[in-house]
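What the coordinates show
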Amino acid sequence: MKRRLEALVPVGLDPHTELRWFAIGMGVSALYSIKFLFSFFSVRGELLYQLKHLPLQDTQLLEMPHFWFFLDRAYLGFLLLALCMPAVALFHYLYHYQGSRSIYLMRRLPDRWELLRRCIALPLCGALAALLTGLLITLLWAGIYLLATPRELLSPLWYL
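Residues numbered from 1 in each chain as written. Predicted model: local features only at pLDDT ≥ 70, side-chain atom pairs only at ≥ 80, totals over all residues. Heavy atoms only, no water.

Our focus in this paragraph is the side chain of Ser33. Structurally, Ser33 can be placed in helix H2 (residues 15-33). If we ignore the near neighbours within four places in the chain, the residues touching Ser33 are Ala74, Phe78, Ile137 and Trp141. (Helix = DSSP H or I, 4+ residues; strand = E, 2+ residues; numbered from the N terminus. Contact = heavy atoms within 4.5 Å.)

Encoded structure:
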């Protein structure tokens, strides 16, 4: 496994350090997306309180704000992380020009795709993982929104 990872980064770079930084970015993005839960459950609790204590004719006017109101760019961390990956690929490419200039060796290798693979494999996988995780988190928050919102507070658009 270690050799496979080392084949995906320029010679001399530690792939585990890059993976560690990527994991930190994913963790920060996940923590940032949790703001959805705080805002959703705050509004939900307030509406449930009003639902119990207002007269029946007034409770028919209560409606939970739309899902996108709560989401409020909670996926932004994952998107920013994916947008940082081209910079990592550029760093990988420029790294070959540092020190002993391994770019000359990379150009003489029989596998002409070796340089491209070492420059973009890990950033491409990272960008895809960040975007996929952002999509899954958004779907998870949508599921929580639909399951935790009482039916009488949901907008009629959700019934279609």
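Read on, since the account is not over.
Right, let's get into the layout of surface pockets. As a volume, the largest pocket reaches approximately 280 Å³. What lines the largest pocket is a set of 17 residues, among which Glu18, Phe22, Met85, Leu122 and Gly126 lie closest to the centre. Of all the elements in the fold, those that place two or more residues in the lining of the largest pocket are H2, helix H6 (76-95) and helix H8 (114-148). Partitioned by chemical class, the residues of the lining of the largest pocket number 14 nonpolar, 2 polar and 1 charged. (1 Å grid on protein atoms, 1.4 Å probe; cavity = no way out; pocket = protein on both sides within 12 Å on 5 of 7 lines; lining within 4 Å. Points joined across faces, edges and corners; volume = space filled by probe spheres on them. Nonpolar A, V, L, I, M, F, W, Y, C, P; charged D, E, K, R; others polar.)

This brings us to H6. Counted at 1.5 Å a residue, the expected span for H6 with its 20 residues is 28 Å, and the 29 Å between its end C-alpha atoms agrees. Those residues of H6 that fall on the buried side of the exposure criterion are Gly77, Phe78, Leu81, Ala82, Met85, Ala89 and His92. Residues of H6 that are buried in the fold lie against H2 and H8. (Expected span 1.5 Å × (residues − 1). Buried < 20%, exposed > 50% of the residue type's maximum accessible area, 1.4 Å probe, protein only.)

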